[in-house]
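# Coordinate analysis (summary)
Now for the letters of each chain:
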Amino acid sequence: MAKNLPLLSLAFLVFNVFALAKVGEVEMPRRQFRNGLQGKELRVVTAHFPPVISILKNSSGHTIGHDGLLYHQLLYLSQKLKFTYKIFATPENTNGVLRNGTWNGVIGTLTRGEADFGLVPVAISLERYQAIEFCGRVGGDSTCILVKYPEDNVSLTSAFDVFSLGIWIGWIISGVVIVAISVVLSFLAKRLWIKDRKTKAGTIAWYLYSVIVSQGSYFPQCRLPQRLLLATWCFVAFVFVNIYNSTLTSYLSVTFQRPEVNSLNDLAKNPAYKATILAGSIQEIDLQRTNDEAERTVVDMIQKCGSDCRKFTLQEMVTPVAEKENYISLMPCSIALAHLKIYNAKGNKCILTLAHEIKSWKPMFYGVPKSSPFIEEINRESLWFIDVGLRAYWYDKHDKQPEKCKLQYNSKGVSTKRSSKRIELRQFYLPFLILFIGYVLAFLQLCREKLFYRGSA
């Protein structure tokens, strides 16, 4: 029986192979998905929100087509679900503003039953959810602050910015401690009847200072304890000075850039600035519902500003930022990037950039009427649009800020870059100020000595 085990195993293996092959010949039933859109014609309402959805017009102002991520996704949906469509633009270029219980814009068109599908990116809010249904996720976006490109600045304190304030204070404290210890050692030597010259605090302080500035100085003290103490100071000062010298050049050749308004907190503290915002946008809704004190201040500023701040087209939002002083714009990051690229491509000069602060990310959806019977189909095929990578390709192409005019912010919201310009005189204003103060103190000390000795005579 044991001899037949390999044969039995082989027979069992062959049986399984044929059984699987037989099963493979049987055609498994495919799941049939519902498609209530087949053969239908949808009324599609849209607005002009480039780059995600653009209404293309000719020189006479007539609509000749559409473009953008959402339009390409609509083409994909129509081909997969086999429906046709007619696109028209809402009279108000907005997702919708609720006034006296009535919506306008895209949401208003959907609630009145004048359209079957809203071809705009809509973020969810409580008021919007009560009016329309959200379906077919199209991605998401954050809120950015579009600002004018800041001018290059140099730091007036660059000669002292090499080390942090804590390091400078530490060095001053260390010098004071060494002076105190040296005086104590000199006092103890005197009490122990050790023949030694009296060490003054001023003498030690001048010696420590001369070592720091690499000038050297004679120290009239021969006792070993003081020599050991000052030897350690000289070694540490050697390291300190060499680090300072090697780093100073890079600090003097660096320019700093920081927009005056780098966050909503900056905007709230600067009443001279105005902020443009799209009427009915999620940015406006979020600000109106916020409990943050700074953001409430921004809301009050926008309300007082009126039509100068609340706009109905993106171009009206961006133009004041690019052409006027003291304007910023709150808008989705993808839209801000699109306008940034357009303005900065006009010449060699940078005009617009993004501020350091980026507000919370919001998912975006299409909008349909509450009674729409096509939500399942739109949701299903929108997920396929994501899975095949078309949306990721579009975002990778359009949602990256170009390297030109891009500010690399640090944690403090300051952008630094190496300058090819010569070192400017204003970078030495602070050292020259210290030098001037030294001249004044020397003159005052001379006058004091003259008056003192004249009084003694």
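Here's a quick rundown of the structure.

What counts and what doesn't
Residues numbered from 1 in each chain as written. Predicted model: local features only at pLDDT ≥ 70, side-chain atom pairs only at ≥ 80, totals over all residues. Heavy atoms only, no water. Helix = DSSP H or I, 4+ residues; strand = E, 2+ residues; numbered from the N terminus. Expected span 1.5 Å × (residues − 1). Buried < 20%, exposed > 50% of the residue type's maximum accessible area, 1.4 Å probe, protein only. Salt bridge = Lys/Arg side-chain N within 4 Å of Asp/Glu carboxyl O. Disulfide = S-S within 2.5 Å. Contact = heavy atoms within 4.5 Å. Polar contact = N/O pair within 3.5 Å; in protein donor to acceptor, adjacent residues only side chain to side chain. Pairing = 2+ DSSP bridges. Axes fitted to C-alpha atoms, helices over the stretch in contact; angles between N-to-C directions. Phe/Tyr/Trp six-rings, centres within 6.5 Å; stacked < 30°, edge-to-face > 60°. Lys NZ or Arg CZ within 6 Å of the ring centre and 35° of its normal.

### Thoughts on helix α2 (residues 69-81)
In this model α2 runs 18 Å from its N-terminal to its C-terminal C-alpha over 13 residues, within 8% of the 18 Å that 1.5 Å per residue would give. What α2 keeps buried is the set Leu69, Leu70, Tyr71, Gln73, Leu74, Tyr76, Leu77, Ser78 and Leu81. Lysine 82 sits one or two positions beyond α2 and adopts a positive phi of about 60 degrees.

### With respect to the pattern of salt bridges
Taken as a whole, this structure holds 12 salt bridges when the rule is applied. Here glutamate 127 and arginine 289 are joined by a salt bridge, their closest N and O atoms 3.0 Å apart. Placement of the pair is glutamate 127 in helix α4 (residues 126-131) and arginine 289 in helix α9 (residues 282-289), with a sequence separation of 162 residues. We classify glutamate 127 as partly exposed; its relative accessible area is 26%. Aspartate 308 serves as the salt-bridge partner of lysine 274, at 3.7 Å between the closest nitrogen and oxygen. Residue lysine 274 is found in strand β11 (residues 274-278), and its partner aspartate 308 is found in the loop between α10 (293-305) and β12 (310-311); the two are separated by 34 residues along the sequence.

### A few points about unusual backbone geometry
The step from proline 50 to proline 51 runs through a cis peptide bond, and the omega angle for that step is 10 degrees. Tracing the backbone shows proline 51 in the loop between β1 (41-46) and β2 (54-57). Look at lysine 82: it is not a glycine, yet its phi comes out positive at around 60 degrees. Mapped onto the secondary structure, lysine 82 falls in the loop between α2 and β4 (84-89).

### Describing the state of the cysteines
Where two cysteines share a covalent bond between their sulfur atoms, that bond is called a disulfide. For the structure on display, the rule yields 3 disulfides. Cysteine 144 shares a disulfide with cysteine 333; S-S distance 1.9 Å. Residues cysteine 144 and cysteine 333 are joined by a disulfide whose S-S torsion is about 90 degrees; by sign, that bridge is right-handed. Separated by 189 residues along the polypeptide, cysteine 144 in strand β9 (residues 143-148) and cysteine 333 in helix α12 (residues 333-344) bring together distant segments of the chain.

### Focus: the environment of threonine 290
Along the chain, threonine 290 falls in the loop between α9 and α10. The exposure class of threonine 290 is buried, given its relative accessible area of 13%. Once you skip the residues sitting within four places of it in the chain, threonine 290 turns out to touch Glu295 and Arg296. A distance of 3.1 Å separates a polar side-chain atom of threonine 290 from the backbone nitrogen of aspartate 292.

### Observations regarding the sheet that holds strand β15 (residues 362-368)
Across the sheet, 5 strands lie side by side as β4-β1-β7-β15-β8; this open sheet has mixed pairing. Strand pairing shows two members of the sheet lacking a second neighbour, β4 and β8 (133-141), which therefore form its edges. Within this sheet the neighbouring strands show an average axis-to-axis angle of 30 degrees, counted without direction. Sheet topology places β8 next to β15; 6 bridges connect them, and they run antiparallel. Looking across to β15, one finds that glycine 140 is bridged to proline 363.

### Examining the side chain of serine 372
By the secondary structure assignment, serine 372 is in the loop between β15 and α13 (375-387). Within the structure, serine 372 has its side chain in polar contact with the backbone nitrogen of phenylalanine 374 (distance 3.3 Å).

### Describing the packing of aromatic side chains
A full pass over the atoms with the stated rule returns 2 aromatic pairs. For the pair phenylalanine 117 and tyrosine 366, a centre-to-centre distance of 4.8 Å together with 45 degrees between the ring planes defines the contact as tilted. With a gap of 249 residues between them, phenylalanine 117 in strand β7 (residues 117-123) and tyrosine 366 in strand β15 connect regions that are remote in the sequence. Of the two residues, phenylalanine 117 and tyrosine 366, neither departs from the other in class, the shared state being buried. A cation over an aromatic ring shows up here: lysine 346 above the ring of tyrosine 343, its NZ or CZ 4.2 Å from the ring centre. Stacked on the ring of tyrosine 129, the Lys or Arg lysine 370 has its end atom at 4.2 Å from the ring centre.

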